[in-house]
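The residues making up each chain are set out below.
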Amino acid sequence: MADIVDTAVNAGSFSTLVAAVKAAGLVDTLKGKGPFTVFAPTDEAFAKLPTGAVDGLLKDVTKLKKVLTYHVVSGKVMAADVTKMKSATTVEGSDVKIDASNGVKVNDSTVTTADVAADNGVIHIIDTVLMPA
């Protein structure tokens, strides 16, 4: 099995996320022991952001790190556990809201695919980029 970064690369629908992780210098962290739970926005999720937003983030490494770490929760939190939670504290430091009443929503994003296994955690694919307050 592959780590979280390699799993995202191999999936083929996370090129923006992978480029952002590289730009933020977070590759070694996400290839680390973990375990990590990553709410991973697809390329389509990044495409929903306003024009220029991704380029702006790629140029502002501090803000980019804040946004990316807002998508990561320490520990391996599988979908069965996520559905029992009302919120989760991210590596960034603030909480994301979880609503499992109709599918699973993380803040305003919907989990489209859950429990993508990696050897140092798990990926839940989401359809909208999460933005910390």
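Below: a short report on this structure. Predicted, not measured: the structure shown is a model, and the values here were computed from it.

### Notes on helix 1 (residues 4-11)
Here's step 1: Listing the buried residues of helix 1 in full gives Ile4, Val5, Thr7 and Ala8. Relative to the axis of helix 1, the buried residues are bounded by an arc of 165 degrees and lie together on one face.
Here's step 2: Looking at the packing, one finds that the buried side of helix 1 touches helix 2 (15-23), helix 3 (27-30), strand 1 (36-41), strand 6 (109-118) and strand 7 (121-126).
Here's step 3: One or two positions beyond helix 1, positive phi appears at glycine 12, with a value near 85 degrees.

### Some thoughts on the environment of threonine 128
Here's step 1: Considering the arrangement of structural elements, one finds threonine 128 in the segment after strand 7.
Here's step 2: Residue contacts for threonine 128: discarding those within four places in its chain leaves Pro41, Ala45, Lys48, Asp108 and Ser109.
Here's step 3: A distance of 3.3 Å separates a polar atom in the side chain of threonine 128 from a polar atom in the side chain of lysine 48.

### Here we look at unusual backbone geometry
Here's step 1: Of note, the bond from glycine 34 into proline 35 is cis; its omega dihedral lies within 30 degrees of zero at 0 degrees.
Here's step 2: Within the secondary structure, proline 35 sits in the loop between helix 3 and strand 1.
Here's step 3: Of note in the backbone geometry, asparagine 107 takes a positive phi value of approximately 55 degrees without being a glycine.
Here's step 4: Turning to its location among the elements, asparagine 107 is positioned in the loop between strand 5 (105-106) and strand 6.
Here's step 5: A positive phi angle, near 60 degrees, is found at aspartate 115, a position not held by glycine.
Here's step 6: Tracing the sequence through the fold places aspartate 115 in strand 6.
Here's step 7: On the basis of relative accessible area, aspartate 115 is assigned to the partly exposed category, the value being 32%.

### Details of the pattern of salt bridges
Here's step 1: Evaluation of the coordinates by the stated rule reveals three salt bridges.
Here's step 2: Of the charged contacts, one joins lysine 31 and aspartate 6 as a salt bridge, the two residues approaching to 3.0 Å between their closest N and O atoms. Taken as a pair, lysine 31 in the loop between helix 3 and strand 1 and aspartate 6 in helix 1 lie far apart in primary sequence, 25 residues in all.
Here's step 3: Among the residues examined, aspartate 6 registers a relative accessible area of 30% and is labelled partly exposed.
Here's step 4: Linking glutamate 92 and lysine 66 is a salt bridge whose minimum nitrogen-to-oxygen distance equals 2.8 Å. Residue glutamate 92 is found in the loop between strand 3 (87-89) and strand 4 (95-99), and its partner lysine 66 is found in helix 6 (residues 61-69); the two are separated by 26 residues along the sequence.
Here's step 5: Here the residues in one salt-bridge network are Asp3, Asp6 and Lys31, joined through shared partners.

### Here we look at the sheet that holds strand 5
Here's step 1: The strand order 2-1-7-6-5-4-3 describes an open sheet built from seven strands, whose pairing is mixed. Either end of the sheet is taken by a strand with one partner, and the two such strands are strand 2 (72-74) and strand 3.
Here's step 2: Seen against the sheet, helix 1 touches strand 1, strand 6 and strand 7 and runs at an angle of roughly 40 degrees to strand 7.

### Some remarks on the nonpolar core
Grouped burial of nonpolar side chains is what soluble globular proteins tend to show.
Here's step 1: Phe14, Leu17, Leu30, Val38 and Leu68 are the most contacted members of the largest nonpolar core, which has 26 residues in total.
Here's step 2: Among the secondary structure elements, those contributing two or more residues to this core are helix 1, helix 2, strand 1, helix 4 (43-47), helix 6 and strand 7.
Here's step 3: Element by element, the count of residues in this core is highest for helix 2, at four residues.
Here's step 4: If we ignore the near neighbours within four places in the chain, the residues touching leucine 68 are Leu17, Ala20, Val21, Ala24 and Leu26.
Here's step 5: Val96, Val104, Val111 and Leu130 belong to the second-largest nonpolar core, a separate cluster that totals 13 residues.

The rules behind the values
Residues numbered from 1 in each chain as written. Predicted model: local features only at pLDDT ≥ 70, side-chain atom pairs only at ≥ 80, totals over all residues. Heavy atoms only, no water. Buried < 20%, exposed > 50% of the residue type's maximum accessible area, 1.4 Å probe, protein only. Helix = DSSP H or I, 4+ residues; strand = E, 2+ residues; numbered from the N terminus. Arc of directions from axis to C-beta. Contact = heavy atoms within 4.5 Å. Polar contact = N/O pair within 3.5 Å; in protein donor to acceptor, adjacent residues only side chain to side chain. Salt bridge = Lys/Arg side-chain N within 4 Å of Asp/Glu carboxyl O. Pairing = 2+ DSSP bridges. Axes fitted to C-alpha atoms, helices over the stretch in contact; angles between N-to-C directions. Core = buried A, V, L, I, M, F, W, Y, C linked by side-chain atoms within 4.5 Å.

Don't take any of this as a statement about function, it's just geometry.
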